[in-house]
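# Analysis of the macromolecular model
Residues per chain are reported as follows:
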Amino acid sequence: MKIVKLEARPTAWEIRPGQAVDGYGYNGQVPGPVIEARAGEPLEIHFTNQLPEPTTIHWHGLRVPAAMDGTDDVQPVVQPGETFVYRFTPSDAGTFWYHPHTNETEQLEKGLYGALIVRDAAEPVTDGERVLVFDDLKLDRNGKLAPFGGLKQRHDGREGDVRLVNGRAEPELAMAANHVERWRIINASSARYVRLSIGGRPFRIIGTDGGLIERPVTVTEALLPAADRLDILVGPFEEGETLAVEALRYDRMTIGRRGTEPFATLRVGPAAPSGAVIPSVLRAIPALAPADAAPTRTVKMSVGPSLRRGLDFLVNGERHHQDRPVRVGELQIWDIRNSSLMDHPFHLHGFFFQVLSVDGEPPAFRSWEDVVNLPPRSTTRIAWIPDDRPGSWMYHCHILEHHQAGMMGHFEVVREGATPHPAAHRHAHAHQHHH
Ligand code: C2O
Ligand code: CU
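Here the structure is a predicted model, which means the values were calculated and not measured.

## Describing the overall build of the chain
- Looking only at helices and strands, one finds four helices and 31 strands in the chain.
- The C-alpha atoms of the chain give a radius of gyration of 21 Å, which matches the 22 Å a tight globule of 435 residues would have.
- A principal-axis box enclosing the C-alpha atoms of the chain has dimensions of 65 × 50 × 45 Å.
- For the chain, the computed accessible surface area is about 17000 Å², with 52% contributed by carbon and sulfur atoms.

## Overview of the nonpolar core
- Membership of the largest hydrophobic core comes to 56 residues, with the highest contact counts inside it found for Leu 6, Trp 59, Leu 116, Trp 334 and Phe 346.
- When we break this core down by domain, the ones giving at least three residues each are domain 1 (2–119) and domain 3 (297–434).
- What Leu 116 contacts, discounting residues up to four positions off in sequence, is Ile 35, Ala 37, Leu 43, Trp 59, Leu 62, Phe 88, Gly 94, Thr 95, Phe 96, Trp 97 and Tyr 98.
- Ile 198, Phe 237, Leu 266 and Leu 282 belong to the second-largest nonpolar core, a separate cluster that totals 33 residues.

## Looking at the packing of aromatic side chains
- One pass over the structure, following the stated rule, counts 18 aromatic pairs.
- Between Tyr 193 and Tyr 250, the ring centres sit 5.5 Å apart and the planes meet at 5°, which makes this aromatic pair stacked. With Tyr 193 in the loop between strand S13 (181–187) and strand S14 (194–198) and Tyr 250 in the loop between strand S19 (242–247) and strand S20 (261–271), the pair connects residues that are 57 residues apart, well separated along the chain.
- Classification of Tyr 193 by relative accessible area gives buried; the value is 5%.

## Some details on the sheet that holds strand S22 (residues 310–315)
- Strand order in the open sheet made by the five strands is S22-S21-S25-S29-S27, with mixed pairing throughout. The outermost strands of the open sheet, each flanked by one partner alone, are S22 and strand S27 (354–358). Taken over all neighbouring pairs, the strand axes of this sheet differ in orientation by 20° on average, direction set aside.

## What to know about the coordination of the copper ion (ligand 2)
- Here the copper ion (ligand 2) is held by His 344 (ND1), Cys 397 (SG) and His 402 (ND1), and the distances to it run 2.0 to 2.1 Å.
- Donor residues for the copper ion (ligand 2), ordered by position in the chain, follow H-x52-C-x4-H. With His 344 in strand S26 (residues 344–348) and Cys 397 in strand S30 (residues 391–397), this residue pair connects regions lying 53 residues apart in the sequence. Neither residue differs from the other here; His 344 and Cys 397 are each classed as buried.

## Details of the environment of Leu 233
- Secondary-structure assignment places Leu 233 in strand S18 (residues 229–234).
- With 121 residues separating them along the chain, Leu 233 and Leu 112 place their C-alpha atoms 27 Å apart.
- Excluding residues within four positions of it along the chain, Leu 233 makes contact with Thr 126, Val 180, Glu 181, Arg 182, Phe 203, Arg 204, Ile 206 and Ile 278.

## Some details on the sheet that holds S18
- Strand order in this open sheet of seven strands is S11-S10-S9-S13-S18-S15-S16, and the pairing throughout is mixed. For this open sheet the edge positions go to strand S11 (168–169) and strand S16 (211–219), each flanked by a neighbour on one side alone.
- Direction of pairing for strand S9 (residues 129–137) relative to S13: parallel, over a ladder of six bridges. From the neighbouring strand, Val 131 faces S13, where its bridge partner is Arg 184.

## Things to note about the environment of Val 162
- Mapped onto the secondary structure, Val 162 falls in strand S10 (residues 162–165).
- The sequence separation of Val 162 and Gly 211 amounts to 49 residues, and the corresponding C-alpha distance is 30 Å.

## Thoughts on unusual backbone geometry
- Here the residue pair Val 30 and Pro 31 is connected by a cis peptide bond, since its omega of -10° sits within 30 degrees of zero.
- Looking at the secondary structure, you find Pro 31 in the loop between strand S2 (19–26) and strand S3 (35–38).
- The step from Gly 235 to Pro 236 runs through a cis peptide bond, and the omega angle for that step is 5°.
- Looking at the element boundaries, Pro 236 is found in the loop between S18 and S19.

## Considerations on the domain arrangement of the chain
- Along its sequence, the chain is carved into domain 1 (2–119), domain 2 (128–271) and domain 3 (297–434).
- Between domain 1 and domain 2, the C-alpha centre-to-centre distance is 21 Å.
- The interface is formed by 25 residues belonging to domain 1 together with 29 residues belonging to domain 2.
- Between domain 1 and domain 2, the buried area comes to about 2300 Å², and carbon and sulfur atoms account for 58% of it.
- Across the contact surface, domain 1 and domain 2 share two salt bridges.
- The residue Glu 129 makes a salt bridge to Arg 119 at a minimum N-O spacing of 2.9 Å.
- Across the domain 1-domain 2 interface, the total number found is twelve residue pairs in polar contact (both at pLDDT 80 or more).

## Some thoughts on the pattern of salt bridges
- The final tally for this structure, using the stated rule, is 32 salt bridges.
- Among the salt bridges present, the one from Glu 159 reaches Arg 258, with a minimum N-O distance of 2.4 Å. One end of the pair, Glu 159, is in the loop between helix H2 (151–156) and S10; the other, Arg 258, is in the loop between S19 and S20, with 99 residues separating them in the sequence.
- Relative accessible area serves as the criterion here: at 18%, Glu 159 is assigned to the buried category.
- Judged by relative accessible area, which is 23%, Arg 258 ranks as partly exposed.
- Residue Asp 231 is joined to Arg 182 by a salt bridge in which the shortest nitrogen-to-oxygen separation is 2.7 Å. Of this pair, Asp 231 sits in strand S18 while Arg 182 sits in strand S13, and the two are 49 residues apart along the sequence. Each member of the pair, Asp 231 together with Arg 182, is buried.
- Because the salt bridges share partners, they merge into one network encompassing Asp 136, Glu 159, Asp 161, Arg 163, Glu 170, Arg 192, Arg 252, Arg 258 and Glu 261.

## Digging into the confidence of the model for the chain
- With 96% of its residues at a pLDDT of 70 or more, the chain has an overall mean of 95.
- Predicted confidence for residues 423–435 stays below pLDDT 50, and this span has 17 contacts to residues more than four positions away or in other chains.

How each quantity is defined
- Residues numbered from 1 in each chain as written.
- Chains lettered and ligands numbered in written order.
- Predicted model: local features only at pLDDT ≥ 70, side-chain atom pairs only at ≥ 80, totals over all residues.
- Heavy atoms only, no water.
- Helix = DSSP H or I, 4+ residues; strand = E, 2+ residues; numbered from the N terminus.
- Rg over C-alpha atoms; globule rule 2.2 N^0.38 Å.
- Areas by Shrake-Rupley, 256 points an atom, 1.4 Å probe, with all protein chains shown as cover.
- Core = buried A, V, L, I, M, F, W, Y, C linked by side-chain atoms within 4.5 Å.
- Buried < 20%, exposed > 50% of the residue type's maximum accessible area, 1.4 Å probe, protein only.
- Domains from an automatic or database assignment.
- Contact = heavy atoms within 4.5 Å.
- Phe/Tyr/Trp six-rings, centres within 6.5 Å; stacked < 30°, edge-to-face > 60°.
- Pairing = 2+ DSSP bridges.
- Axes fitted to C-alpha atoms, helices over the stretch in contact; angles between N-to-C directions.
- Donors = N, O, S within 2.8 Å, 3.2 Å for Na, K, Ca; no water.
- Buried area = accessible area lost by both parts, 1.4 Å probe.
- Salt bridge = Lys/Arg side-chain N within 4 Å of Asp/Glu carboxyl O.
- Polar contact = N/O pair within 3.5 Å; in protein donor to acceptor, adjacent residues only side chain to side chain.
- pLDDT = per-residue confidence, 0-100.

Dropping the structure here:
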């Protein structure tokens, strides 16, 4: 068993030499420590909250027991001064992350997020590996966190002009010529999409949210919506090259618009011998269902005007939708319809899905995902099977402001023969939402 100690506390977050922001950190750092785990090895995270407000930790993408999911549906929030022990056994190798699931819009922006890497024996051999957590930060003129809220932030989600990799503004990265590295990329931004380019050069995608894909896929750019992950092979490059690690212009139909913007600079130093061994087949991912499988459920995401709130972010016409239960072992084919005029990153807690089609078109390659971008006015068909982890689960838009505004669904995973009582369940927890 592996034990990790995490403490959330106010932290002077040094975003560049000599400039610190009053933020929050896990163990006094942003990002929090990279948690290293092995598939099949139990993990205990002893978490202490030293923030001036309640919090919880959600293990984003990990197939944990429902009670360990870190939402206030499944646990009382951890009050200031309290400790909570998260216990689970990671089952799948891959690039995951952790973040609060309480007052998320503020707590993530202030710096509470970190990577959790799960390894197993069957991994490609590379000349090096880095975990790169992308984020952005919205500061005011005095270098303090800009105020939260307002209609633009509610509509677009919060984006900022400080672009960070591993908590530092536009850092320099150095790499040896001739080397091939594995980069594990996590987009921890509240709302920003990263359409990743590395100097316009080809790179190879080898993994997504739920671990390795079937074979490397060569691209020159890849879109990471908020909360998404990608494992890529970078290089080989030649000595003396300088490459911009940047987000290309992406219009997700927001009020604010941005062009191509740099996140980091990669400098290629003297050559070193390469020992990289990249198999042409990484693993097999059997299809859960054919692309034209009939949907068992429709989830409708929409945005509409609201007299009281200005704008509402809805699932099936409701804020904080209560969806029907699903049964353990029963194949789920969900049509996720985005009827709004903007993109939304859909996130399912605790289970991986396969994308079967987007507006009838199959994806470029098969993969396991827990986040998928929903383009404006589109239907994305996904397939997944609830394995035997009954309890309360949820899905939501991972633009944190949209999630907060209600673009989410709660549902129960129930065992065969069990009688679901979702409404009763919601009541049992209702008091926790109003502490
Ligand atoms: Cu990153 Cu509710 O999740
Ligand atoms: Cu959204």
